[in-house]
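Summary of structural features
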Amino acid sequence: MYNVMSKKAVEFIDDQEILDTLAYAEANKRNAVLIDEIIEKAGTFKGLTHREAAVLLACELEEQNNQLVKLAMAIKNKFYGNRIVMFAPLYLSNYCVNGCIYCPYHAKNKNISRKKLTQEEIAKEVIALQDMGHKRLALEAGEDPKNNPLEYILESIKTIYSIKHKNGDIRRVNVNIAATTVDDYRQLKEAGIGTYILFQETYHKENYEMLHPTGPKSDYAWHTEAMDRAMEGGIDDVGIGVLFGLNMYRYDFVGMLMHAEHLEAAMGVGPHTISVPRICPADDIDTSDFSNAISDEIFEKIVTVLRIAVPYTGMIISTRESQASRERVLKLGISQISGGSSTSVGGYDTPEPEDENSAQFELNDTRKLDEIVNWLLEMGHIPSFCTACYREGRTGDRFMQLVKSGQIANCCQPNAIMTLKEYLEDYAAPETKLNGEKTIARELASIPNDKVRRIATDHLTELNSGKRDFRF
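What counts and how
Residues numbered from 1 in each chain as written. Predicted model: local features only at pLDDT ≥ 70, side-chain atom pairs only at ≥ 80, totals over all residues. Heavy atoms only, no water. Disulfide = S-S within 2.5 Å. Salt bridge = Lys/Arg side-chain N within 4 Å of Asp/Glu carboxyl O. Helix = DSSP H or I, 4+ residues; strand = E, 2+ residues; numbered from the N terminus. Buried < 20%, exposed > 50% of the residue type's maximum accessible area, 1.4 Å probe, protein only. Core = buried A, V, L, I, M, F, W, Y, C linked by side-chain atoms within 4.5 Å. Contact = heavy atoms within 4.5 Å. Patch = residues over 30% accessible without salt bridge, like charges linked within 9 Å, V, L, I, M, F, W, Y side chains within 5 Å. Areas by Shrake-Rupley, 256 points an atom, 1.4 Å probe, with all protein chains shown as cover. Lys, Arg positive; Asp, Glu negative; His and termini not counted. Charge placed at Lys NZ, Arg CZ, Asp CG, Glu CD. Arc of directions from axis to C-beta. Expected span 1.5 Å × (residues − 1). Domains from an automatic or database assignment. Buried area = accessible area lost by both parts, 1.4 Å probe. Polar contact = N/O pair within 3.5 Å; in protein donor to acceptor, adjacent residues only side chain to side chain. Pairing = 2+ DSSP bridges.

The next thing to look at is the state of the cysteines. Using the criterion set out here, one finds zero disulfides in the structure. Cysteine 100 forms no disulfide, and the closest cysteine sulfur to it belongs to cysteine 96, at a distance of 5.9 Å.

Our focus in this paragraph is the pattern of salt bridges. Following the criterion strictly, the structure yields 39 salt bridges and no others. Two residues, glutamate 232 and lysine 7, come together in a salt bridge whose shortest N-O distance is 3.5 Å. Of this pair, glutamate 232 sits in helix H11 (residues 226-232) while lysine 7 sits in the segment before helix H1 (9-12), placing them 225 residues apart in sequence. For glutamate 232, a relative accessible area of 43% puts it in the partly exposed group. For lysine 7, a relative accessible area of 38% puts it in the partly exposed group. Between glutamate 425 and lysine 421 there is a salt bridge whose closest N-O contact spans 3.0 Å. Of this pair, glutamate 425 and lysine 421 both sit in helix H18 (residues 409-426), four residues apart, roughly one helical turn. Glutamate 425 gets classed as partly exposed once you look at its relative accessible area, which sits at 25%.

Looking now at the nonpolar core. Taken as a class, soluble globular proteins show a tendency for nonpolar side chains to be buried jointly. Counting residues in each nonpolar core, the largest one holds 145 residues, and the members touching the most others are Leu90, Leu188 and Ile337. The greatest single-element share of this core, amounting to nine residues, is contributed by helix H12 (residues 249-267). Setting aside residues no more than four positions away along its own chain, isoleucine 337 makes contact with Ile84, Val85, Met86, Phe87, Ile317, Arg326, Leu330, Ile372, Trp375 and Leu376.

Side chains of Asp36, Glu37, Glu40, Glu62 and Glu63 sit close together on the surface and give a patch of like negative charge. Contributing elements (two or more residues each) for the negative patch: helix H3 (32-42) and helix H5 (62-80). In terms of residues, the negative patch owes the most to one element, H3, which gives three residues. In this fold, glutamate 63 is placed in helix H5. Accessibility expressed as a relative area gives 57% for glutamate 63, which makes it exposed.

This part covers H3. Inspection of H3 places Leu34, Ile35, Ile38, Ile39 and Ala42 among the buried residues, and these make up the whole buried set. Looking down the long axis of H3, one finds its buried residues gathered within 135° of arc, a one-sided arrangement. Those residues of H3 that are exposed and angled more than 90 degrees off the buried face are Val33 and Glu40. Tucked inside the fold, the buried residues of H3 contact helix H2 (15-27), helix H4 (50-58), H5 and helix H13 (296-309).

For H13, which comprises 14 residues, the first-to-last C-alpha distance of 20 Å matches the rise-based estimate of 20 Å (1.5 Å per residue) to within 8%. For H13, the tally of buried residues reaches 10 of 14 residues, placing the bulk of the element in the interior.

Looking now at the domain arrangement of the chain. What the domain assignment lists for the chain is domain 1 (9-76), domain 2 (82-387) and domain 3 (406-465). Between domain 2 and domain 3, the C-alpha centre-to-centre distance is 28 Å. If you look at the interface, domain 2 gives 23 residues, while domain 3 gives 19 residues. Of the roughly 1700 Å² buried where domain 2 meets domain 3, counting both sides, 54% is carbon and sulfur surface. Taken together, the links from domain 2 to domain 3 amount to one salt bridge. Taking the shortest distance from any N to any O, the salt bridge between arginine 171 and glutamate 422 comes out at 3.1 Å. On inspection of domain 2 and its partner domain 3, the count reaches nine residue pairs in polar contact (both at pLDDT 80 or more). Looking at the side of domain 2 that touches domain 3, the elements that each hand over two or more residues are helix H6 (119-132), helix H15 (369-378) and strand E11 (382-384).

This part takes up the pairing of strand E7 (residues 238-241). Along E7, one buried face is formed by Val238 and Ile240 and the opposite face, lined by Gly239 and Gly241, is buried too. Bridge analysis of strand E6 (residues 196-197) against E7 gives two bridges, and the strand direction is parallel. Bridge pairing links isoleucine 197 to glycine 239 in E7. Note that E7 and strand E8 (residues 273-275) share three bridges and pair parallel. Across the sheet, isoleucine 240 pairs through a bridge with isoleucine 274, a residue of E8.

Phi is mostly negative for residues that are not glycine, and the peptide bonds are mostly trans. Look at glutamate 201: it is not a glycine, yet its phi comes out positive at around 75°. By secondary structure assignment, the location of glutamate 201 is in the loop between E6 and helix H9 (205-211).

Structure, rendered in structure tokens:
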């Protein structure tokens, strides 16, 4: 029985509710009157229910679909402007005891090189990432209590935050590790993590269990209820996502929105971010084995409708996607992207030899960070290395209140400008610096608050003289 407030996974992600929602969407996919009503509601910028969003995803009316694109772009501009937050993944270890059949880290894979970074190696990786210009990392590790215990993750976080190289420092560490206990989440919070990220992969319980035949991750309830435990442990910024292509995309789309609704209703605040990865080739994984893989057109519509349904939530796309694919969805709702990424264990300080492949998946966007920064500038975006909200305590419901009120722009825009200036001064190639300075001049003039504009201008002058790390 569906119950958004329940703490049981099978009740807040109720299979029958999803099936009923999909049937309703299918029955109304050409119902212009209903679709127009939903679009009108979405135009208030307050989001939609999972059932309303499912109707828009199923919509087959060209005029209304065109309206959805325009609305998604308007919502993206209202809440996130033209800012794109930059980050990089750092894989600590690919030892894993799970049997996930879509991931090359699965325990039975004897082809992949198994690696685990020492603290000394982590320090070298962090310096290399800082020398690229990164300020925000997403830690990744396979699930292995022996090789990757929580103590190792905590020690690694401490090492990362301790490294200050030239003008570089990592100011926010997000963590993507396996579902764990409330006490473990409390320790992660105390270690100073930003967002706790955990992908559901698929919300379809039967398929989930088929895809995860062995290991701790095979427990659907333990995995699906992880975000509740994380928030009980004090982590108020959590990030959810599915791996599109493992299951019917409409089912997982609805399940993910139901999860967001559950967190909002039961825990007081919805997800800080939603990620939208697609299944892609990796080591012994062939995407042709997955019949539910989705097209670019469907992928773009998923991003469009998600942005409309959850207007306040950040949306992330990784280097799984090509430059062309990322370019198309940036304007539709994406607010964070990775750049200059390595999905190997390490790989930043010293490129991994081909015969030692430890990558989780193949990159489709292999450009260096500076190339991506310049690409974003040329498209009119502000590449942002900002971590201010996390460090100023604007997290969880405090962050969401600022977003919903529209006040967050008074912080985000100047912070984006100032962190871009840091990047230009310390790391950018000449062409990137030239484009970046033009962007800063344009964006500085558009800051509506006179006081904020004056303070930002003063800080930019100080950044020119070598000072760093200003924030609103």
